[in-house]
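The residues making up each chain are set out below.
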Amino acid sequence: MKVSEFLENTRKIWTPHKYQEESVKFMVSRGVAGLFLDPGLGKTSITLAAFKILKNKGICDSMLVVAPLLVAQNSWTGEVEKWENFKDIKIQVLHGRFKEDRLRTKSDVYVINPEGLPWLLTEDNWRFLKCDMLVIDESTRFKKSNTQRFKLLKKWLDKFPRRYILTGTPAPNGLMDLFGQLYILDRGDSLGKYITKFRNDFFTQSGYQGYSWTPKSDAEDRIIQRTSHMILRLKAEDWLEMPELIGIAEHGADPNLVEVELEEEVRKKYNQMEELFVAEFNDEDVTAMGAAAASTKLRQIAAGAVYTNDDSTEDWVEIHDGKIKALQELIASLEGKSCLVFYQFRHDAERILLSIPQAVNITSTNAARSKELVAGFNSGSIPVLIGHPASAGHGLNLQGTSNHVIYFGVPWDLEHHDQSYRRVYRQGNPNTHIFIHYIVAKDTMDGVIIKALQGKDRTQKGLLNALKEAYQRD
């Protein structure tokens, strides 16, 4: 049987939940809209349904979707293949060596990753594209208005009469993240045309030499008031019967920690590096990004290996195997149950693959291979799937059979943490409980990040404050 025939035989009828019906109506009734829906609520199928209605009414002819690569290759094509309702939608992923041919093939939906926009958004290519509907999936990729990708997209916004943004975590670093995303919708009508005005209206300068911006006491209420007409915010717990989360590090919850004790010699190296980190970190104007860079060696030592060349991720040396052994024991204790493992560094992935023969890495795979891996993991034939939360943490539906998520390293980016475990913690997971496991090196940076995850301020600023509390000296 051909693949196309198999897909025809396995398509299901998409029967929307009440909240999905309301979401479709919300999009159709507005030329611009933001769907701030938790992962698992079906943002992709909702958008396809809205597009199909608009197309059938003659309002829209074609749609351009900008999405992270794995999301583009899996979620968008996967939803079209999955549902009988969308089988007549012709979709092209503009990536790889045949992207020019695909662009020139008349289609309903074109999907591209943000890195491909400089190639796509040119006058020559627009002759073939001419989409009248723009969808930015995982819109936090455009939260910063000073980036080249935002500036490029900004020039082309008027080409799209209808514009929509999709995300489950609209403000991972705080309210400042909203400006770029919402500008895509109304070009600044709600929050101001320029970031400087937005800052002055809703924030006050603080910190050393004014490098920090603190939201005014009424900032969130005023932002909601100005934007509520074009934003729909839904949380999964309010609409779905979700499995119970066990061991998650969130809002004061007690996380399930698998602790590893550093050997004496490794502890000495860690302490020496910690002294250098404290000296570099103990500045008034340190930023979360600067702290991330400064702490890289600490997090690597905690993980068990370090890069020997600062300009390359090819060369590394293992300094302890504590976390590897802990991961092996944890997987063995699952007695054959499948698990999703997230790593932080490339050498983490290489060491995991060497030590756990049944593990497969989904990061940096092509579209066909990633689809195979998703299907294999969901069927249970792939017992251990590993990935980096920056790529595998968005858009993948991995809720088929697994109910165990393991963090080999705790994500520095708190958005990556919140998005990644939701690949398994989703509607349709047949399990009653989802178990989250954190493999942490005792008395290291791992614990500081865990504490930030448990705090009330679960943003990068909150993480920075936790670091300051732990490391800054008088």
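Below is a summary of the structure that appears in this document. (Residues numbered from 1 in each chain as written. Predicted model: local features only at pLDDT ≥ 70, side-chain atom pairs only at ≥ 80, totals over all residues. Heavy atoms only, no water.)

### Re the state of the cysteines
Argument step 1. Taken as a whole and judged by the stated rule, the model has zero disulfides.
Argument step 2. Cys60 forms no disulfide, and the closest cysteine sulfur to it belongs to Cys131, at a distance of 9.6 Å. (Disulfide = S-S within 2.5 Å.)

### A word on the pattern of salt bridges
Argument step 1. Counting across every chain of the model gives 24 salt bridges.
Argument step 2. Across the pair Arg233 and Asp38 runs a salt bridge whose closest N-O atoms are separated by 3.4 Å. A residue pair is termed long-range when its members are at least 10 positions apart, and Arg233 in strand E9 (residues 231-234) and Asp38 in the loop between strand E1 (32-37) and helix H3 (43-56) qualify at 195 residues.
Argument step 3. Between Lys106 and Asp61 there is a salt bridge, with the nearest N and O atoms lying 2.7 Å from each other. Separated by 45 residues along the polypeptide, Lys106 in the loop between helix H5 (99-103) and strand E4 (109-112) and Asp61 in the loop between H3 and strand E2 (63-66) bring together distant segments of the chain.
Argument step 4. Overall, Lys106 belongs to the exposed group, its relative accessible area being 55%.
Argument step 5. The exposure class assigned to Asp61 is partly exposed, which follows from its relative accessible area of 34%. (Salt bridge = Lys/Arg side-chain N within 4 Å of Asp/Glu carboxyl O. Helix = DSSP H or I, 4+ residues; strand = E, 2+ residues; numbered from the N terminus. Buried < 20%, exposed > 50% of the residue type's maximum accessible area, 1.4 Å probe, protein only.)

### Quick look at the environment of Thr313
Argument step 1. Turning to its location among the elements, Thr313 is positioned in the loop between strand E12 (305-307) and strand E13 (316-318).
Argument step 2. Judged by relative accessible area, Thr313 falls into the partly exposed class, the value being 35%.

### A closer look at the environment of Val260
Argument step 1. Following the sequence through the fold, Val260 ends up in strand E11 (residues 257-260).
Argument step 2. Sequence separation between Val260 and Lys155 is 105 residues, and the spatial gap between their C-alpha atoms is 51 Å.

### Some remarks on unusual backbone geometry
Argument step 1. Positive phi is not limited to glycine here, since Arg187 has a value of about 55°.
Argument step 2. The backbone of Asp443 shows a phi angle near 55°, a positive value even though the residue is not glycine.
Argument step 3. Inspection of the secondary structure assignment puts Asp443 in the loop between strand E18 (433-441) and helix H21 (445-454).
Argument step 4. Note on Asp443: relative accessible area 60%, which makes it exposed.

### What to know about the packing of helix H10 (residues 195-202) against helix H11 (residues 219-227)
Argument step 1. At a closest axis distance of 10 Å, the pairing of H10 and H11 adopts a crossing angle of 125°. It follows from the interaxial angle that H10 and H11 lie oblique. In this structure, H10 uses Phe198, Asp201 and Phe202 to contact H11, whose residues at the interface are Ala219, Arg222, Ile223 and Arg226.
Argument step 2. A breakdown of the residues in the contact of H10 with H11 according to their chemical character gives four nonpolar, no polar and three charged. (Axes fitted to C-alpha atoms, helices over the stretch in contact; angles between N-to-C directions. Parallel < 35°, antiparallel > 145°, perpendicular 65-115°, else oblique. Contact = heavy atoms within 4.5 Å. Nonpolar A, V, L, I, M, F, W, Y, C, P; charged D, E, K, R; others polar.)

### A word on the nonpolar core
Argument step 1. Core analysis: the largest hydrophobic core is formed by 93 residues, its most contacted members being Met63, Trp76, Met133, Ile436, Met445, Leu467 and Tyr471.
Argument step 2. Once residues within four sequence positions are removed from consideration, Met63 is found in contact with Thr47, Leu48, Phe51, Trp76, Asp108, Val109, Tyr110, Cys131, Met133 and Val135.
Argument step 3. Residues Tyr110, Leu121, Leu152 and Tyr183 belong to the second largest nonpolar core, which totals 40 residues. (Core = buried A, V, L, I, M, F, W, Y, C linked by side-chain atoms within 4.5 Å.)

### Some thoughts on the packing of aromatic side chains
Argument step 1. Following the criterion strictly, the structure yields twelve aromatic pairs and no others.
Argument step 2. Each ring, one from Phe198 and one from Phe203, has its centre 5.5 Å from the other, and the planes form 65°; the classification is edge-to-face.
Argument step 3. Each residue in the set Phe150, Phe179, Tyr183, Phe198, Phe202 and Phe203 is aromatic and connected to the rest through ring pairs, giving one cluster.
Argument step 4. Between the NZ or CZ atom of Arg104 and the centre of the ring of Phe128, over which it lies, the distance is 4.2 Å.
Argument step 5. The ring of Phe408 carries the charged tip of Lys323 above its face, separated from the ring centre by 5.9 Å. (Phe/Tyr/Trp six-rings, centres within 6.5 Å; stacked < 30°, edge-to-face > 60°. Lys NZ or Arg CZ within 6 Å of the ring centre and 35° of its normal.)

### Focus on helix H9 (residues 178-186)
Argument step 1. Of all nine residues in H9, nine are buried; the element is thus mostly enclosed.
Argument step 2. Buried within H9 are the following residues: Leu178, Phe179, Gly180, Gln181, Leu182, Tyr183, Ile184, Leu185 and Asp186.
Argument step 3. Directly after H9, the chain includes Arg187, whose backbone phi takes a positive value near 55°.

### Looking at the sheet that holds E4
Argument step 1. Reading across the sheet, the seven strands line up as E3-E4-E2-E5-E6-E1-E9 and stay open at both edges, with parallel pairing between neighbours. With partners counted over all chains shown, the strands left at the sheet margins are strand E3 (91-93) and E9, one partner each. Neighbour-to-neighbour, the strand axes of the sheet open up by a mean angle of 15°, direction not taken into account. (Pairing = 2+ DSSP bridges.)

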